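What the coordinates show
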Amino acid sequence: MKHLLNPLDFTVEEIDELLAVAGDIEKNPSKYAHVCDGKKLATCFYEPSTRTRLSFEAAMLNLGGSVLGFSSADSSSAAKGESIADTIRVISCYADICAIRHPKEGAALVAAMNSGIPVVNAGDGGHQHPTQTLTDLLTIHSLKGRLDNLTVGLCGDLKFGRTVHSLINALVRYPNIRFVLISPPELRVPEYIREDVLKAKNIEFKELGNLDEALPELDILYMTRVQKERFFNEEDYIRLKDCYILTPKKMKLAKSDMYVLHPLPRVNEISVEVDKDPRAAYFKQAQYGVYVRMALIMKLLEVNAPC
Ligand code: NCD
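These numbers come from a predicted model, not from an experiment. (Residues numbered from 1 in each chain as written. Predicted model: local features only at pLDDT ≥ 70, side-chain atom pairs only at ≥ 80, totals over all residues. Heavy atoms only, no water.)

This model, assessed by the stated rule, comprises three cavities of 30 Å³ or more. Looking at the largest cavity, its volume works out to about 60 Å³. Forming the boundary of the largest cavity are R51, S55, Q132, T135, H262, P263, L264, Y282, Q285, A286, G289 and R293. Elements that contribute at least two residues to the lining of the largest cavity include exactly α2 (51-62), α5 (130-144) and α11 (282-300). When residues of the lining of the largest cavity are assigned to their parent elements, the largest contribution, five residues, is made by α11. A class-by-class count of the residues in the lining of the largest cavity yields four nonpolar, six polar and two charged. Taken as a whole, the second largest cavity encloses approximately 40 Å³ of empty space. Considering the residues around the second largest cavity, the lining is formed by R225, V226, Y237, K241, D242, V267, N268 and E269. Here the residues of the lining of the second largest cavity are counted per class, giving three nonpolar, one polar and four charged. (1 Å grid on protein atoms, 1.4 Å probe; cavity = no way out; pocket = protein on both sides within 12 Å on 5 of 7 lines; lining within 4 Å. Points joined across faces, edges and corners; volume = space filled by probe spheres on them. Helix = DSSP H or I, 4+ residues; strand = E, 2+ residues; numbered from the N terminus. Nonpolar A, V, L, I, M, F, W, Y, C, P; charged D, E, K, R; others polar.)

How two helices sit against one another is set out by the angle between their axes and by the gap between those axes. Here helix α6 (residues 162-171) crosses helix α7 (residues 191-199) at 10 degrees, and the two axes come no closer than 10 Å. Considering their axes alone, α6 and α7 lie roughly parallel with respect to each other. The segment α6 lies against α7, with H165, I168 and N169 engaging Y192, I193, V197 and L198. Its residues placed into classes, the contact of α6 with α7 shows five nonpolar, two polar and no charged. (Axes fitted to C-alpha atoms, helices over the stretch in contact; angles between N-to-C directions. Parallel < 35°, antiparallel > 145°, perpendicular 65-115°, else oblique. Contact = heavy atoms within 4.5 Å.)

Okay, the layout of surface pockets next. The probe, sized like a water molecule, is rolled over the atoms to show the empty space still left. Each pocket or cavity is described by its volume, and for the largest pocket that value is around 380 Å³. Together, 21 residues line the largest pocket, and R101, R162, R225, L264 and P265 are the ones closest to its centre. At the level of secondary structure, the elements contributing two or more residues to the lining of the largest pocket comprise α2 and α6. For the lining of the largest pocket, the domains that each give at least three residues are domain 1 (7-128 + 288-300) and domain 2 (130-286). (Domains from an automatic or database assignment.)

Right, let's get into the nonpolar core. Ranked by size, the top nonpolar core spans 61 residues in total, and within it L137, L154, I168, F179, L296 and I297 carry the most contacts. The element contributing the most residues to this core is α11, with ten residues. Those residues in contact with L137, other than ones at most four positions away along the chain, are I15, L19, L147, L167, A170, L171 and Y174. Of all hydrophobic cores here, the second largest spans 21 residues; its members include V180, L246, M258 and A280. (Core = buried A, V, L, I, M, F, W, Y, C linked by side-chain atoms within 4.5 Å. Buried < 20%, exposed > 50% of the residue type's maximum accessible area, 1.4 Å probe, protein only.)

Remark: α2 packs on α11, axes separated minimally by 8 Å, with the N-to-C direction vectors making an angle of 55 degrees. Relative to α11, the element α2 is oriented oblique. Where α2 crosses over α11, the handedness of that crossing is right-handed. Only A286, G289, V290, R293, M294, L296 and I297 of α11 make contact with α2, whose side of the interface consists of R51, T52, S55, F56, A58, A59, M60 and N62. (Left-handed = near helix turned anticlockwise from the far one by under 90°.)

Okay, the sheet that holds strand β1 (residues 40-45) next. Strands sit in the order β2-β1-β3-β4 across an open sheet of four strands; the sheet is parallel. Unpaired on one side and paired on the other, β2 (66-70) and β4 (119-124) mark the two borders of the sheet. Within this sheet the neighbouring strands show an average axis-to-axis angle of 15 degrees, counted without direction. Bridge analysis of β1 against β2 gives five bridges, and the strand direction is parallel. Counterpart to T43 in the pairing with β2 is G69. (Pairing = 2+ DSSP bridges.)

The next subject is the state of the cysteines. Overall, the coordinates contain zero disulfides when judged by the stated rule. The thiol of C44 is unpaired, and the distance to the nearest cysteine sulfur, on C98, comes to 3.7 Å. Of the residues examined, C44 reaches a relative accessible area of 2% and is grouped as buried. Between C93, a cysteine without a disulfide, and C98, which holds the nearest cysteine sulfur, the sulfur-to-sulfur distance is 12 Å. (Disulfide = S-S within 2.5 Å.)

Attention now moves to the sheet that holds strand β6 (residues 177-182). Spatially, the five strands line up as an open sheet ordered β7-β6-β5-β8-β9, and their pairing is parallel. The open sheet has two edge strands, β7 (205-208) and β9 (259-261), and neither has a second partner. If you compare each strand with its neighbour and ignore which way they point, the axes differ by 20 degrees on average. In terms of strand pairing, strand β5 (residues 150-155) meets strand β8 (residues 220-223) through four bridges, oriented parallel. Across the sheet, V152 pairs through a bridge with I220, a residue of β8. Its contacts with the sheet place α5 against β5, β8 and β9, and it is angled at close to 170 degrees to β9.

Structure representation (structure tokens):
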């Protein structure tokens, strides 16, 4: 039985296949309308979510399956003190596949170790968020036509932003990827990403504090919000929350074919006037999240794509 806890749980070939199926789903959605008839997805969300939970649910409904679950820890037996291990054992009796989001790093791994059904990590604390990465890869591939030979700028909260950690993990496997890591000193990427992923794999990267300086060389700009819920003290959050704001004026510094991605939700880091710019791809990205999760559910349930 396969789980998805980290983007590296799939080989590059498996990811290519998933993106190809997602591309076909975009073109021929009706072909897939019944491939998961009778199957159930459980969404176990111990942390807030809009896109991830609802796109998982939309994905399963689009495949003909059904969904059950909870959307906050308060409405589950976690509020009574139940462990994740016990909860997932029980959910395994009710559903065929489970997507779990939890504030603790490693929670999805604990779930997978105790599960009788495939588990998908829909975000574990500030650690990883592999299905957002699949969404990001599909978006980049469809906009740029490739996942290699790119200069990718990641901007904002690179310390706590789990989408950033997963995206770096996934992109370093493609040839000639350069990173420009734009953050205040307090929010730099964690040591394990810098040392064990970037330096260990000899990936070209630089760390900057200034977004303007980075913009002209980027093919992709991946903006992120400052992760309020992971701060220990509110003063630090308030001081750092508006450290980057992408505006139409800043967009003039970027290439005409540089696309802006953001996992969403946005707070202040992209001004709403940028939404009109044809290079703003973040709402399209949210749509791609449904196609790629449809492809993922099929893969984990071992359902073949119809001819
Ligand atoms: C991200 C997350 O939950 O990590 N959101 C999402 O899933 N699209 C990013 C964020 O919350 O900032």
